[in-house]
Amino acid sequence: MPSDPVGAHSLVMPSPIGRLELLARDGSLVAIRFDAAPDGTPGTVREGAPVLVEARRQLTEYFEGARRVFDLPLRPVGTEFQRRVWDVLADVPWGTTTTYGSIADLLGLPPGASRAVGAANGANPIPVVLPCHRVVGSDGTLTGYAGGLERKALLLRLEGVPTEADQGSLF
């Protein structure tokens, strides 16, 4: 998300994957940004929004391994197609993965639409909560992640999903 949504409130929080900036508008979470700028003090809501305090609590529980499902009002901004993809992401269970092609199939898209699904996945403004990290390549390899593949692997390991790097270390 290149600029703050008009009228957005924000909160910066530390996490195992770096400083996150949470943004809310009209009582809903609209974005989570990686590598939050150091001008935001962790834990401080720059402008009041109760959903941010709740989102921080739920994300903290997730990173501690105590939460598997998020229960937050979400309002991701995107095209109709992107929102359809993000709706599917919301249903990918904790500790599992799916593929871009499987999401395309679920949406009734033609063969080859996995690239469009990948682009929509990459535009997901609410990562972690809308678990785009759970989408892998058709061969199971980690591919594309706006926050970087290292973060994607860390999130999957947190959920008990081995990555190809973990498989290589077994032998």
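In this report, the structure presented in the accompanying data block is examined. (Residues numbered from 1 in each chain as written. Predicted model: local features only at pLDDT ≥ 70, side-chain atom pairs only at ≥ 80, totals over all residues. Heavy atoms only, no water.)

1. Overview of the overall build of the chain
Just so we agree on the cut-off: In this text, helices come from DSSP runs of H or I with a minimum length of four residues, and strands from runs of E with a minimum of two, each type numbered from the N-terminal end. In what follows, a contact means two residues having at least one pair of non-hydrogen atoms within 4.5 Å. Only the protein chains shown count as cover for residues, with accessible areas throughout obtained via the Shrake-Rupley method and a probe of 1.4 Å.
Secondary structure summary: the chain contains six helices and five strands in total. Mapped from its N terminus to its C terminus, the chain presents α and β elements in the order β-β-β-α-α-β-α-α-β-α-α. For the chain, long-range pairs separated by at least 24 residues make up 57% of all intrachain contacts whose partners lie at least 6 apart in sequence. Summed over its atoms, the accessible surface of the chain is roughly 8500 Å², and 55% of this surface lies on carbon and sulfur atoms.

2. What about the packing of aromatic side chains?
Worth spelling out the cut-off: Whether two aromatic rings pair depends on their centres lying within 6.5 Å, for rings of Phe, Tyr and Trp, where Trp uses its six-membered ring; planes under 30 degrees apart make the pair stacked, over 60 edge-to-face, and the rest tilted. The rule is simple: take the accessible area with a 1.4 Å probe, protein chains only, and divide by the maximum for that residue type; under 20% is buried, over 50% is exposed, in between is partly exposed.
One pass over the full model with this rule turns up three aromatic pairs. Note on Tyr62 and Phe63: the rings are 5.3 Å apart at their centroids and 70° apart in plane angle, and the pair reads as edge-to-face. The class of Phe63 is buried, set by a relative accessible area of 11%.

3. Quick notes on the pairing of strand β3 (residues 28-33)
Operational definition: Any two strands between which DSSP finds at least two bridges are classified as paired.
Counting buried residues in β3 gives six out of six residues, a clear majority hidden from the surface. The sheet contact formed by strand β2 (residues 20-25) and β3 spans five bridges and is antiparallel. Note on β3: the bridge partner recorded for Leu23 is Ala31. Linking β2 back to β3 in an antiparallel pair, the connection comprises two residues, with Asp26 at a positive phi of about 50°.

4. Remarks on the environment of Ala55
With respect to the helices and strands, Ala55 occurs in helix α1 (residues 50-63). Each C-alpha atom, one on Ala55 and one on Leu23, is 9.7 Å from the other, the two residues being 32 residues apart in sequence. Contacts of Ala55, omitting those with residues within four sequence positions, involve Leu22, Leu29 and Leu72.

5. So, the sheet that holds strand β1 (residues 9-13)
Inclusion rule: Between the N-to-C directions of two axes lies an angle of 0 to 180 degrees, each axis being a line fitted to C-alpha atoms and, for a helix, fitted only over the stretch in contact.
Taken together, the three strands give an open sheet; going across it, the order is β1-β2-β3, and neighbouring strands pair in antiparallel fashion. If you trace the sheet from one side to the other, it starts and ends with β1 and β3, each paired once. Between one strand axis and the next, the sheet turns by 25° as a mean value, whatever way the strands run. Judged from the five bridges that link them, β1 and β2 form a sheet pairing that is antiparallel. Counted as the bridge partner of Ser10 is Leu23 from β2.

By themselves, these figures tell us nothing about what the structure is for.
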